[in-house]
Amino acid sequence: MVGRPSKKPRLVRHVLSDPTGASSCNVQRHRIYAVDPIGQIDLQTTYLNGTPAGATPELELGVNTNLFEDPWNECQNDTSFLDTEPYTSTGSKEIQPRTVGDDPIRIWISERQTYLNEFIRLEGRGDTCHSCHNCGDSDAVFRCEDCFSVALYCQSCVMNLHQNMPLHRLKKWDDGYFHSTTLKQLGLRIQLGHSAGQRCRKPKPAFDDDFTVIDVHGIHEVALDFCDCEYASSHYKQILRARWFPATSTDPRTAATFTVLEHFHLLSFESKVSAFEFYHCVARRSDNTGVKPIKDRYSVFLRMMAEWRNLKALKRAGCGHDPAGVSATKEGEIVVLCPACPHPGKNVPETLEDVSPGNRWIYSLFLAIDANFRLKRRLVSSDDRDPGLSQGWGYFVKESNYKAYLQENASLAQEKSNCVSHNAVNMADTKSSKGLAATGVGTVVCARHDMRLANGVGDLQKGEKYLNMDYIVFSALSRFSSSIPSINFSYDIACQWHKKLWHRMSTALPLWLHPSSTQQYRFFVPKFHLAAHIAACQTTFSFNWSPYVGRTDGEAPERGWADINRVAASTKEMAPGTRRDVLDDHFGDWNWKKVTGLGRTLLRKITDATYAERDHRHALADLEGSIKQSELGAVSLVAWTEEVIAWESDHTKPNPFNSQSQEMTQAAVRLALIQQDAKDLEEGSSISLHSEVTPSILISTGLDIENAQRHLRVDNAGLTQHSTNNQQTKILMRRNALQRRIDSWIDVQVLYMPFVAHFRATGLSLSDEGTVDETTGCPKAKLDSIKAEDIPLFLPSSICNLTTCDAKLLEVEWSLRLAQANDALEECRSHIRLRHQLLRFKAQQIRGQSLNTRAQKTIQAVEDRLILSHEKYCCARRALTHLSRQLDHVGWERKLLPLRKLDLRPMGDLGGRTQGTAIMSWIWHVHGIPSDNGDRFQDSLRMEWCKTRARRNRWFEEIQLLLEEMRRVLEFLDWQAKWWEARVTLHAAEQSEDNEGLVAYAKRQAAIRRSLSAKFRASWHHVTALVSENLDDTEANAPAEEGPFIDAPPHGDLDELD
């Protein structure tokens, strides 16, 4: 078996034929991991008796008739039926009824008493002989809790057996049960500085003959002797060579085993358990009753763990092989680098002079910037008392330089945002920092591979100020070569941050952080955050519409926060240096797990990208084919192509993704209708039946009254039995005013629509039964109510199917309803963006019951507005449906789709689906509803073509980027293996055994890199064929017999594809 075993044993049904052919029966194959007779773990397969074939299967718990049993792995008697499933005559698999055998827990329940009996049996001496298992002495009263055997031994034998296992826990049989005892109490002494069993001529006991060792099994008190011979090593070295970690380097009295330190180290990465919780778990393993006092070594354990983390990081970075020693370690040197990012001289050429300008974008660097306000630190200790062990060597910036920069530029004011209300910007100076030394951290990560960067993390003293983020960003960027042609920044406030960036850099940043002037810098907003920005930002800073970025989403920091936020509670109380070291350690582990998973991650991405590119290429071809069917379409396509290529090269040119035609709003339509009335009056063709109210004013006023009724119904539904008199009075005043307004409007309506008088007299009802609209959640008008908000208005659209209406009135209402639908849809978009922003702000910034209650009230107010806008749109669409049948208007319903609650989600919301299968809500695709095939129709079609082209190009770029990243990963691992091999001879130790350790570690690290490289190559071996099969060779600019490959960067200029 390969991979992680299943948590549940497998029960698979088979039909087994009798060799004589007389009958057949069902069997249950029960597979579970077990220990074989030689002590190895293997997969045990047992076949349990079932029912005759065709009968109702009834499995009795605990029954095993041993029809067939191959104890280890597979059946040895007859394997013909192992993978055979019963089939029906039609060829489909027979659906077997579920039995109790399909649930292993139910099988176990029948054996639960047996398990319990065995547990209790182990409390006694068992059925073994009560004499010593080793020498046969009858005085055998000792059993080891940590050895595999449960046999009893005498005192002499048990001490001899544990010379090399001095931390095992013993129990002694006395008074009819087992008592806990220790090897120290039996007289065992641990001798350091000599081989096991050798006696030292000059042993020196530990201080006060009392030494404490922290191990996974518990906290042990041992009798320890140091070697004090003439050429003996220092005491702490003797402890280290026993694979124990001393608490101090002078006269140590406490140590922790390498095993417990490594165990906690990995456990803290995976479960984020704190040292306090882990230490007390180990203490309870020593004594879980509190009867025996256990020495408190918690603070000592913390110190040892901090030193252990630092030493492991230095060791893995190769600092132990540096002839200059640890003191020569440079800033950012002990980080785990991203193999897929461009590193000139490691996985990309030092210079790109031989690469054509059209292909240099493939070597771009993608950086994502964000802040995390969960990783706070309280105002405890100081940098002077706790400076930390890795001062700028890891992921945090060097604190002394960072603080000096902040102090020099403390007077710089934060610019305000002119986009939406970015709290990260506008509230940076007002964010509460009482009792906090750091309100959070700012970070820069690799945007495509989710890895932390060297010197790319720094504390934020008071909000997300540009001053802090500038230093952190360019500190991380300074670790990359200036030969990288382009830097792509992703930041949720990039639209504001980039505006005066170069001015701030020239006036505030140190010279050594200034970036190269030869590089190109581009700025983007992460895809999920983009929906909260204004419309102009949503195209200018979009990853989707900008070239040479592939399918990068810019949300990498958010994925990392989900992992690191679990340590926020423990790091919040730490001193500054210790906190930085702990976070550095977690960031390093996060990077290493990402490195080892690159084979699987990149393979999945390129598989998805290959098929997605094919689908989007076909969609683009179909769209262009339909456009080219007319001469005007072919000419327009050429012009659109030139326009979008010009914008991609220079963003100062007109943005083709923005609408270039003004949509008709309800106010604009009203103005146009009034202007038409004025023109009719001048020409003498007016058919107005009222001196002041024309048909257009009648219908537009009716729509206003309809909207007022809708608002009043919602507000009235919000009243409860506990509503105040003031609230009820306001509703009554609004109802009375609306009633007078309706009465005046009806007096004019009967002039233009006399038949409505008959409808009102007969009590014609236009509403459906029910109190709330199921689609929108908005209250309906009550059938028999005479309240103002429930009075039917009988607009032309509501009765045109019952009687003949004037064509002029129908046309007027059509124009107004079309604009009303557009207005309502825009209102929905605005409310959704606002609601999304409020929810995100509440989740990140609001704490406490009172503040949460106020925030929830604000969010509910926005939700109520959204319901009203939703109902307005649905009402307008229903009216358009009725009117279109009378006026023969077609095509509008393809743009004004039915609006469900499911569609009312932000642009980044996947609607419960994955990124690859999600479909964006249609409301974000609609930018206007053309009533004819004029300019507005061509404008809508142009934007749709631009977006379809951009989607296809982004997937094609993604394939190119992924192929290049795969090549870079393999080349980086090969470079790193050679780098480690060079460390073999870089530093020669004075003693041969020390030198052997240096050589062995370097060779092991080189072997790890070569193993990863070989594993990745094997898993990617079919990528070339996969891409070649699905990618059009002419579009890849490659000969027909060649396809994209991993061992060299792909080529192709996207501008030539169109």
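Notes on the structure follow.

**Regarding the packing of helix H16 (residues 556-564) against helix H18 (residues 576-596)**
Here is step 1 of the chain: Orientation of H16 relative to H18, taken along the N-to-C sense of each, is 120°, at an axis distance of 11 Å. Looking at the two axes, H16 sits oblique to H18. In the crossing of H16 with H18, the sense of the turn from one axis to the other is right-handed. Residues Arg 559, Gly 560, Asp 563 and Ile 564 of H16 pack against Leu 583, His 586, Phe 587 and Trp 590 of H18.

**Regarding the environment of Tyr 752**
Here is step 1 of the chain: Mapped onto the secondary structure, Tyr 752 falls in helix H23 (residues 725-752).
Here is step 2 of the chain: Separated by 54 residues in sequence, Tyr 752 and Asp 806 place their C-alpha atoms 8.3 Å apart.

**Here we look at the pairing of strand S14 (residues 365-372)**
Look at any regular strand and the pattern is simple: side chains alternate between the two faces of the sheet.
Here is step 1 of the chain: In terms of residue burial, S14 counts as a mostly covered element, since eight of its eight residues are buried.
Here is step 2 of the chain: Going residue by residue along S14, you find Leu 365, Leu 367, Ile 369 and Ala 371 tucked away on one face and Phe 366, Ala 368, Asp 370 and Asn 372 tucked away on the opposite face as well.
Here is step 3 of the chain: For S14 and strand S19 (residues 486-491), the ladder comprises five bridges, and the chain directions are parallel. Residue pairing in the sheet places Phe 366 in a bridge with Asn 488 of S19.
Here is step 4 of the chain: Sheet analysis places S14 next to strand S17 (residues 440-446), joined by six bridges and oriented antiparallel. Its bridge partner being in S17, Ala 368 is matched across the sheet by Val 445.

**Points about the nonpolar core**
Here is step 1 of the chain: Phe 489, Trp 497 and Trp 1020 are the most contacted members of the largest nonpolar core, which has 69 residues in total.
Here is step 2 of the chain: With residues up to four places along the chain from it excluded, the contact list for Phe 489 reads Leu 367, Ile 369, Val 473, Leu 477, Trp 497, Tyr 521, Arg 522, Phe 523 and Phe 524.
Here is step 3 of the chain: Counting 47 residues, the second largest nonpolar core, distinct from the first, contains Leu 698, Phe 759, Leu 818 and Leu 896.

**Digging into H23**
Here is step 1 of the chain: For H23, spanning 28 residues, the distance from its first C-alpha to its last is 41 Å, which sits close to the expected 40 Å at 1.5 Å a residue.
Here is step 2 of the chain: Listed in full, the buried residues belonging to H23 are Ile 731, Arg 735, Leu 738, Ile 742, Trp 745, Ile 746, Val 748, Gln 749 and Tyr 752.

**Brief notes about the side chain of Ser 546**
Here is step 1 of the chain: Mapped onto the elements, Ser 546 comes out in the loop between helix H15 (535-540) and H16.
Here is step 2 of the chain: From its side chain, Ser 546 meets the backbone oxygen of Ser 542 in a polar contact 2.9 Å long.
Here is step 3 of the chain: Contact partners of Ser 546, with chain neighbours within four places excluded, come to Arg 522, Phe 524, Thr 540, Trp 647, His 651 and Arg 954.

**Observations regarding the pairing of strand S13 (residues 254-257)**
Here is step 1 of the chain: Burial along S13 is two-sided: the face carrying Thr 254 and Ala 256 and the face carrying Ala 255 and Thr 257 are both buried.
Here is step 2 of the chain: One ladder, built from three bridges, connects strand S10 (residues 211-215) with S13; its direction is parallel. The residue bridging Val 213 from the neighbouring strand is Ala 255, located in S13.

**Observations concerning the packing of helix H19 (residues 598-627) against helix H30 (residues 1023-1030)**
Here is step 1 of the chain: The contact between H19 and H30 brings their axes to 9 Å, and the two run at 10°. By the angle between their directions, the pair H19 and H30 is classed as roughly parallel. Residues Leu 603, Ile 606, Thr 607, Thr 610, Tyr 611, Glu 613, Arg 614 and Arg 617 of H19 lie in contact with H30, whose contacting residues are Val 1023, Leu 1026, Val 1027 and Asn 1030.
Here is step 2 of the chain: For the contact of H19 with H30, a count of residues per class yields six nonpolar, three polar and three charged.

**Quick word on the environment of Cys 157**
Here is step 1 of the chain: Mapped onto the elements, Cys 157 comes out in helix H3 (residues 155-161).
Here is step 2 of the chain: A residue is classified by how much of its surface remains accessible, and Cys 157, at 7% relative accessible area, is buried.
Here is step 3 of the chain: C-alpha separation for the pair Cys 157 and His 133, spaced 24 residues apart in sequence, amounts to 9.0 Å.

**Let's talk about unusual backbone geometry**
Here is step 1 of the chain: A positive phi is found at Asp 450, a non-glycine position, where the angle reads about 60°.
Here is step 2 of the chain: Looking at where Asp 450 falls in the secondary structure, it is placed in the loop between S17 and strand S18 (452-460).
Here is step 3 of the chain: Positive phi is not limited to glycine here, since Tyr 548 has a value of about 65°.
Here is step 4 of the chain: Its location among the elements puts Tyr 548 in the loop between H15 and H16.

Rules of the game
- Residues numbered from 1 in each chain as written.
- Predicted model: local features only at pLDDT ≥ 70, side-chain atom pairs only at ≥ 80, totals over all residues.
- Heavy atoms only, no water.
- Axes fitted to C-alpha atoms, helices over the stretch in contact; angles between N-to-C directions.
- Helix = DSSP H or I, 4+ residues; strand = E, 2+ residues; numbered from the N terminus.
- Parallel < 35°, antiparallel > 145°, perpendicular 65-115°, else oblique.
- Left-handed = near helix turned anticlockwise from the far one by under 90°.
- Contact = heavy atoms within 4.5 Å.
- Buried < 20%, exposed > 50% of the residue type's maximum accessible area, 1.4 Å probe, protein only.
- Pairing = 2+ DSSP bridges.
- Core = buried A, V, L, I, M, F, W, Y, C linked by side-chain atoms within 4.5 Å.
- Expected span 1.5 Å × (residues − 1).
- Polar contact = N/O pair within 3.5 Å; in protein donor to acceptor, adjacent residues only side chain to side chain.
- Nonpolar A, V, L, I, M, F, W, Y, C, P; charged D, E, K, R; others polar.

Taken by themselves, the reported measurements are silent on function.
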